[in-house]
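So the chains spell out like this:
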Amino acid sequence: MLIIEQAAYDAIVAHARKDHPDEACGVVVGPEGSDRPVRVVPMLNAAMSPTYYKFDDDDWKTLYDEMWDNDEEAVVIYHSHTATEAYPSRTDISEAREPNAHYVLVSTREGAESLTYDGPVEFRSFRIVDGTVTEEEVQVVTAYSETGEN
């Protein structure tokens, strides 16, 4: 299960809406080994495409150096789908290289990209390990203290 604070959830959805019609992408970083996404890091989609995302290599290296220095890791890797459901594509599956990460997808199809859209947003999380996709429940909390964990 992915437990994520409302502020991080809102930041991911806002990024997906802002970058529409291109796919948005980013990382939510947390303390190493915690499985707790804390800091949202919106990244540039170097592909600038409505159907594909690619992290900029220099930005990715800079982020990984920063995480290494701070004993952090990529807890969530997210991106948006602009015209399809929030489910990993074949490309998403083949390029998933972080076996411990939650892969979050947000769909901005059918008007969900609009800031005035008041319908539900398709926000789903998956584990992708060795080409196997497993959907997991997403629990959005106001603060991590709601979960009973420290």
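Before reading further, recall that the structure is shown in the block above.
A few points on the structure. The model shown is predicted, which means the values in this text are computed figures rather than measured ones.

Quick look at the overall build of the protein chain now. Counting its regular elements, the protein chain contains three helices and eight strands. The order of helices and strands in the protein chain, counted from the N terminus, is β-α-β-β-α-β-α-β-β-β-β. Rg of the C-alpha trace for the protein chain: 15 Å, near the compact-globule value of 15 Å for 150 residues, within the 12% margin. Seen through its C-alpha atoms, the protein chain measures out along the principal axes to roughly 40 × 35 × 25 Å.

Counting 18 residues, the largest nonpolar core has Val 27, Val 29, Met 43, Phe 55, Leu 63, Ile 77 and Tyr 103 as the members making the most contacts within it. Per-element accounting of this core gives the leading share, three residues, to strand S2 (residues 25–31). Ranked by size, the runner-up nonpolar core spans 14 residues in total, among them Val 13, Ala 16, Val 104 and Phe 123.

All right, on to helix H1 (residues 6–19) then. Because each turn of an α-helix spans 3.6 residues, side chains separated by three or four positions end up pointing in the same direction. Taking 1.5 Å of rise per residue, 14 residues should cover 20 Å, and H1 covers 20 Å from first to last C-alpha, within 8% of that figure. Here H1 has its buried residues at Ala 8, Tyr 9, Ile 12, Val 13, His 15, Ala 16, Arg 17 and Asp 19.

Moving on, we come to the side chain of His 79. One can find His 79 in strand S4 (residues 72–81). What makes His 79 buried here is its relative accessible area of 3%. Only 3.1 Å separates the side chain of His 79 from the side chain of His 81, close enough to count as a polar contact. In this structure, His 79 is in contact with Glu 23, Ala 24, Cys 25, Tyr 53, Asp 92, Val 104, Leu 105 and Val 106, ignoring residues within four places of it in sequence.

A word on the side chain of Arg 17. Mapped onto the elements, Arg 17 comes out in helix H1. Take Arg 17: its relative accessible area is 17%, and that puts it in the buried class. In contact with Arg 17, not counting residues within four places along its chain, are Thr 108, Ala 112, Glu 113, Ser 114, Leu 115, Tyr 117 and Val 121.

Cut-offs used in this document
- Counting restarts for each chain: residues are numbered from 1 in the order of the written sequence.
- With pLDDT at 70 or above as the cut-off, local features in this predicted model cover only qualifying residues; side-chain atom pairs require 80 or more to be listed or tallied, and sums for whole chains, interfaces and linings still use all residues.
- The basis for the side-chain values is all heavy atoms of the structure; hydrogens and waters are excluded.
- Numbered from the N terminus, helices here are DSSP runs of H or I no shorter than four residues, and strands are runs of E no shorter than two.
- In this setup the radius of gyration rests on C-alpha atoms only. A globule is expected at 2.2 Å times the number of residues raised to 0.38.
- Nonpolar cores were defined as sets of buried Ala, Val, Leu, Ile, Met, Phe, Trp, Tyr and Cys residues, with membership established by side-chain atoms within 4.5 Å.
- Each residue's exposure class comes from its accessible area (1.4 Å probe, protein chains only) as a fraction of the maximum for that residue type: buried when under 20%, exposed when over 50%, partly exposed otherwise.
- For a helix, the expected span equals 1.5 Å multiplied by the residue count minus one.
- Polar contact is the term for a pair of N or O atoms within 3.5 Å; when the atoms are in protein, one must be able to donate a hydrogen and the other to accept it, and sequence-neighboring residues count only if both atoms are side-chain atoms.
- In this analysis, two residues are considered to be in contact whenever any of their non-hydrogen atoms come within 4.5 Å of each other.

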